[in-house]
Structures are given as structure tokens and as C-alpha cells.
There are 2 protein chains.
Amino acid sequence: MALDHAILVSLLERPGSGYELARRFERSIGYFWTATHQQIYRVLGRMVTDGLLLVREVEQQGRPDKKEYSVTGPGRAALAAWLHKPIEPESLRHDLAVKIRGAAFDDPAALIDEVERHRQAHRDRLAHYLAGELRDFTAPDAPAPQDAGQELQHVVLRGGIAYERMTIAWLDDVLATLHRLEAAGPGA
Amino acid sequence: MALDHAILVSLLERPGSGYELARRFERSIGYFWTATHQQIYRVLGRMVTDGLLLVREVEQQGRPDKKEYSVTGPGRAALAAWLHKPIEPESLRHDLAVKIRGAAFDDPAALIDEVERHRQAHRDRLAHYLAGELRDFTAPDAPAPQDAGQELQHVVLRGGIAYERMTIAWLDDVLATLHRLEAAGPGA
DNA sequence: CTTGTCTATGCAACGAGTTGCATAGCAGGA
DNA sequence: TCCTGCTATGCAACTCGTTGCATAGACAAG
């Protein structure tokens, strides 16, 4: 159900097409929620028939036409209702952790390359987030009162940054452990 | 597909019934993968017909009989194959972050209770993890060479601990931000 | 003028995950 | 005796999410 709400938030921040939403889900919104374009198009259609969104055909020059979606009153009300309803704390889904525990029944050292690949991916994401923070939240004005939306977007981004830093440190820990097991020798 | 592999790992660590697996998925394995008992029973059935698992009926005293599952050779091979196949780095799914950004279009202060509830839940989980670490990885022997399985389980648990600590710190940041916005007044 | 790339939308099929319900053995207490 | 609660297993229906495929306009490079 939360994809609906992520779409409402994103469209309230700025109306846009399904394609644009799909790209946002690879960037800012995608920091904490993912979705493919197929999923987005399907949900957009349902939300329009449910009256939560409004479509408008937009002709463009130099590229195909698009459908721009924006949030209706009922859409805004649906978001508000969700905001006031408690949700359960997150449950993790970490494939790599399953692999690490599974490595006990195979060769732990064989995981080293994989873990290093993940570590690099998280370093890249961290760099991307930090660049975005510099661009969007540090440059323009002094530590003056920004508007609420900006403050809230910033604190969410800080969460993404903290997550990546924590993950990189943990993967270093994992790598050190795997190297130690490798040095101890297989079957030791 | 990863639920299959999580089950294989858990059953290699110790054979057990569907019910026992469901409880493990609320504990150790559940630190990084979740599943309901319905999902587990369904997958267990499929894995038996696929020859990855073996069932054995076990009569019990004082409680209903159970079916104990254990991993076959092909099951072990399937796990090894997965371990050697690269996977994509994780994508986050964090409802609360969606709510926080959505709060810009509602009353940010109204989220404070919810965030505090989540913060408490994460503090509880952290305490639970730390107790488990003390019980399973600190008590018995000196910093001696443990076996690989223990080392790997420990490093995964350390990841869970780091995640909870990071999350609690971030939620403190979120709370400070929400209080600041509240003090600035609505519409400021 | 064909090929490739980016924008833009969508269907169909499948697999993963959730929710509600149902059954049943066994134990302890009201 | 009945009710509650824990252990133990499972079906049915539904929604969510992924994968593969298909279409099409516009532009740039070869």
C-alpha cells in the first residue's frame, strides 16, 4: 500500500508523468522506496480511477507527449489519513546477510569479492547522497529558517547518508572477518 | 527467491519444523529476513517436492506431532550455487521516511508520537540483540578461535546492532527536526 | 536509411508476500 | 465443562512486485 503514498508525496512535491516518477524512484524518493515503471504505471491508473489523482495530457516538442499527474483533494485526504494511522516498525530484508551466514556451509573466502562489490556500491551511493546534500541543502542560504518541506527532505537524506556510512563500516567488519577465516584456513 | 535460501541456511544450522522456523524468523534469522508461517509452510512444501528438503514425522509428548525438515544434498548444492551467484545491493523500503516527507503536506508535529514509538521499538530491538550477543558470543570462551559459523553469525549480529544504533540516532535527529518545526509554528 | 538511444506508455504472466480463516492436540485454570 | 493459550499445520483469496515483451515518437551518428 505504501507505494500509493510514496507517489502521492512525490506528486505533491511536484506533479509529473509516470516516466518522471520512475526516475525519481531511482533518486530522491528511491533512497527509501523503490519501484519499477511498470508498477508505477499500474498504480497511477488505479489511483486515477479511484479519484486520488488527476491526469492531464501534455504535448511536448522534441519528445513524445506525456501524461502529467497531480493530486486531487481526495488524494490529499487519503495521504493525511495514512499519516495519522500508526505503522509497524520496519523489517529488514538483507540478502547479503543470508549469504554471509550461509557461507559457513561453503567457502567463506569465496564471498570476499561479492562483499567488496557491495561495499563499492554503497560508497558510490554515499558519494551521490553527499553531492545531493551539498547541492540542495548547503549552497543557497545561511543556516536560516528553511521551509518545512526542505527541512524534512534534508532529515530523510541525512538518514540515507547515515545508513550508507553504517553499512560501509559493517562491510569492512565483514571483510575483516572473512579474511581472518581465510587465514585460519578452511575447516579450521 | 531468497526465502528459500534463508530457510536452507536456517535448516543447515539446525533442522526443525515449520513452526520452529517461523519462530526463528522472529529472532535470529528474522534480524535480516522476515516471513510469516503461511509463507514458510508453502515454501517448505515446494522445496520438498523439488528434492531440496527431507521431511520426517516426529511424535512428541505433551504437544502435537511435528514434521522436521532437513537439507538434502541437492538442497546444499542449490545453496552453494546461489552463494556463488552475485546479487544486487539492497534497496531500502522505509515507510516512515515516506511519512516524514509527507508530513510537509500535513502537520509535522503530529508525527512526533509515531516517531517516538518507532524509536522505542528500535531501542527494544537493540537491547534484545545486545542480550543475545552477550549470551551467545561473549560468555563461554576467551577470544579464542571460534568456528566459522559462530564468527559469521556474530558479524551478522553486529550488523543488526549497528543498524539499530544508527536508526535510533537518526530518529533522534528526526525528532529534533520535528520539534524545531513545531516551535517555528505551523506555516512558518 | 538503418541503427541506437532516450523519452514515454503499457500488457501479460508469473512469483512473492499478506490476510483471513480453519483445524487440531494438549495443558491449565475458572 | 468450557475457555484460554500455546503448539502445530494448512487452504484460499488477494495484493504487491518482478520480468519479459511490445509499441512509438524524436533525434543523432554512421
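The following paragraphs examine the structure supplied in this document.

So, helix α6 (residues 112–138) of chain A
Residue and element names in this part refer to chain A. Helix length check: α6, at 27 residues, gives a terminal C-alpha distance of 37 Å against a target of 39 Å (1.5 Å per residue), a fit within 8%. Of all the residues in α6, the buried ones are I112, E114, V115, H118, H122, L126, Y129, G132, E133 and F137. For α6, the elements touching its buried residues are α5 (95–102) and α7 (148–184).

Quick look at the packing of aromatic side chains
Under the counting rule described, the total for this entry stands at one aromatic pair over all chains. Each ring, one from Y163 of chain A and one from Y163 of chain B, has its centre 6.3 Å from the other, and the planes form 85°; the classification is edge-to-face. Here Y163 of chain A is found in helix α7, whereas its partner Y163 of chain B is found in helix α7 (residues 148–184) on a different chain. For the pair shown, Y163 of chain A and Y163 of chain B are each scored as buried. The ring of W82 of chain B carries K99 of chain A above its face, with NZ or CZ at 5.4 Å from the centroid. Over the face of the ring belonging to W33 of chain A we find R93 of chain B, whose NZ or CZ atom lies 4.9 Å from the ring centre.

Overview of the relation of the copies chain A and chain B
Each of the two copies of the chain can be brought onto the other by a rotation about an axis and a shift along it. Rotating chain A by 180° and moving it 0.0 Å along the rotation axis overlays it on chain B with an RMSD of 0.1 Å. Classification of the inter-copy transformation places it as that of a two-fold axis. By C-alpha distance to the rotation axis, the residue of chain A lying nearest is M166 of chain A, at 3.5 Å.

Some words on the protein's contact with DNA strand C
As a matter of local geometry, DNA strand C sits amid 24 residues, with Y41, Q60, K67 and R93 of chain A together with R42 of chain B nearest to it. In DNA strand C, atoms within 4 Å of the protein come from the sugar-phosphate backbone in 61% of cases. Here Q38 of chain B contributes a side-chain N or O atom positioned 3.3 Å from a base oxygen of DNA strand C. Those elements giving two or more residues to the surface near DNA strand C turn out to be α2 (18–24), α3 (37–49) and β2 (66–71) of chain A together with α3 (37–49) of chain B.

Points about the pattern of salt bridges
Once their charged atoms are close, side chains differing in charge can pair, the charge on each being opposite to the other. Per the counting criterion, the structure on display carries 22 salt bridges over all chains. Residues R101 of chain B and E13 of chain A are paired through a salt bridge, measuring 2.8 Å at the closest nitrogen-oxygen approach. Within this pair, whereas R101 of chain B is found in helix α5 (residues 95–102), its partner E13 of chain A is found in helix α1 (residues 2–13), the two belonging to separate chains. Take R101 of chain B: its relative accessible area is 5%, and that puts it in the buried class. Looking at E13 of chain A, the relative accessible area reads 28%, which means it is partly exposed. For E68 of chain B, the salt bridge identified is with R56 of chain B, shortest N-O distance 2.9 Å. With a gap of twelve residues between them, E68 of chain B in strand β2 (residues 66–71) and R56 of chain B in strand β1 (residues 53–58) connect regions that are remote in the sequence. Residue R56 of chain B is classed as partly exposed on the basis of its relative accessible area of 47%. When salt bridges that share partners are traced, they join K99, E114 and R117 of chain A into one network.

Rules used in this analysis
- Residues numbered from 1 in each chain as written.
- Chains lettered and ligands numbered in written order.
- Predicted model: local features only at pLDDT ≥ 70, side-chain atom pairs only at ≥ 80, totals over all residues.
- Heavy atoms only, no water.
- Helix = DSSP H or I, 4+ residues; strand = E, 2+ residues; numbered from the N terminus.
- Expected span 1.5 Å × (residues − 1).
- Buried < 20%, exposed > 50% of the residue type's maximum accessible area, 1.4 Å probe, protein only.
- Contact = heavy atoms within 4.5 Å.
- Phe/Tyr/Trp six-rings, centres within 6.5 Å; stacked < 30°, edge-to-face > 60°.
- Lys NZ or Arg CZ within 6 Å of the ring centre and 35° of its normal.
- Least-squares fit on C-alpha atoms with pLDDT ≥ 70 in both.
- Near = heavy atom within 4 Å.
- Polar contact = N/O pair within 3.5 Å; in protein donor to acceptor, adjacent residues only side chain to side chain.
- Salt bridge = Lys/Arg side-chain N within 4 Å of Asp/Glu carboxyl O.

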